[in-house]
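An overview of the molecular structure
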Amino acid sequence: MNKLIRLVEWMLVAMFGVMAVLVFGNVVLRYGFNSGIVFSEEVSRFLFMWLTLIGALVVMKDHGHLGMSSVVARLGERGQRICRFLADALTLTCCLLLVDGAFKQVVIAMDDRSPVLGIKMGYVQLCLLISCVGIAIVLAYGLWRQVSGRMSREELEPYSGSVGE
């Protein structure tokens, strides 16, 4: 699993690099030579979508999203468990609603093509579906660990430590 995550992280770095080169190159060509790369804007926009949404999934796995750790830290263990359960359950509910909507959007978008590249827009929108399904799996696993009593007290406040520990 760690190798897969490392691969995804490197893919995100590569996407960011390609996006930066395309945007910078397009700016230089526009202002310096009054021309540009036709597909640069579209590719950059699509890469940004994938980078943001798949990045959100990677960060969720590390519990790196914003949290109310200053409030939760003041509660006892029982209060922390209740807050963590409610937060994860509500986030999972929202995620499942997004999965439903994203799936419908991907199916609808398979009939549309992007204006410049001509690729099916469903493939572009697939990043939201992948991200939501992945986040839902992470949340469901966390909820299962909470309900089964396998989550330690230290894990109840995941946002207090540094990311990636």
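Look above for the structure.
To start, this report covers the structure provided alongside it. (Residues numbered from 1 in each chain as written. Predicted model: local features only at pLDDT ≥ 70, side-chain atom pairs only at ≥ 80, totals over all residues. Heavy atoms only, no water.)

**Some thoughts on the overall build of the protein**
Per the secondary structure count, the protein includes five helices and zero strands. Along the protein, from the amino end to the carboxyl end, the secondary structure elements read α-α-α-α-α. Over its C-alpha trace the protein gives a radius of gyration of 20 Å, far above what one expects of a compact globule, namely 15 Å for 165 residues. Counting only C-alpha atoms and orienting by the principal axes, one finds that the protein spans roughly 65 × 35 × 30 Å. Taking all 165 residues of the protein together, 30% fall into the buried category. (Helix = DSSP H or I, 4+ residues; strand = E, 2+ residues; numbered from the N terminus. Rg over C-alpha atoms; globule rule 2.2 N^0.38 Å. Buried < 20%, exposed > 50% of the residue type's maximum accessible area, 1.4 Å probe, protein only.)

**Remarks on the state of the cysteines**
Enumeration according to the criterion identifies zero disulfides in this entry. Between C83, a free cysteine, and C94, which holds the nearest cysteine sulfur, the sulfur-to-sulfur gap is 17 Å. Note on C127: no disulfide assigned, nearest cysteine sulfur contributed by C132 at a separation of 9.4 Å. (Disulfide = S-S within 2.5 Å.)

**Details of the packing of helix 1 (residues 2-33) against helix 2 (residues 40-61)**
Running from N to C, helix 1 and helix 2 cross one another at 150 degrees; their axes reach a closest spacing of 9 Å. Between helix 1 and helix 2, the angle falls in the class roughly antiparallel. By crossing handedness, the relation of helix 1 to helix 2 is classed as left-handed. Facing helix 1, whose interface residues are I5, V8, E9, L12, M15, F16, V18, M19, L22, V23, N26 and R30, helix 2 presents S40, E41, V43, S44, L47, F48, W50, L51, I54, G55, V58 and K61. Each residue belonging to the contact of helix 1 with helix 2 can be placed in one class, and the counts come to 16 nonpolar, four polar and four charged. (Axes fitted to C-alpha atoms, helices over the stretch in contact; angles between N-to-C directions. Parallel < 35°, antiparallel > 145°, perpendicular 65-115°, else oblique. Left-handed = near helix turned anticlockwise from the far one by under 90°. Contact = heavy atoms within 4.5 Å. Nonpolar A, V, L, I, M, F, W, Y, C, P; charged D, E, K, R; others polar.)

**Brief notes about the pattern of salt bridges**
Scanning the model with the defined rule gives five salt bridges in all. Note that E41 is salt-bridged to R30, the shortest N-O span being 3.0 Å. A residue pair is termed long-range when its members are at least 10 positions apart, and E41 in helix 2 and R30 in helix 1 qualify at 11 residues. Between E77 and R81 there is a salt bridge, with the nearest N and O atoms lying 2.9 Å from each other. Taken together, the residues span about one helical turn, with E77 and R81 both in helix 4 (residues 77-109) at a distance of four residues. (Salt bridge = Lys/Arg side-chain N within 4 Å of Asp/Glu carboxyl O.)

Spatial relationships are all this shows, so hold off on functional conclusions.
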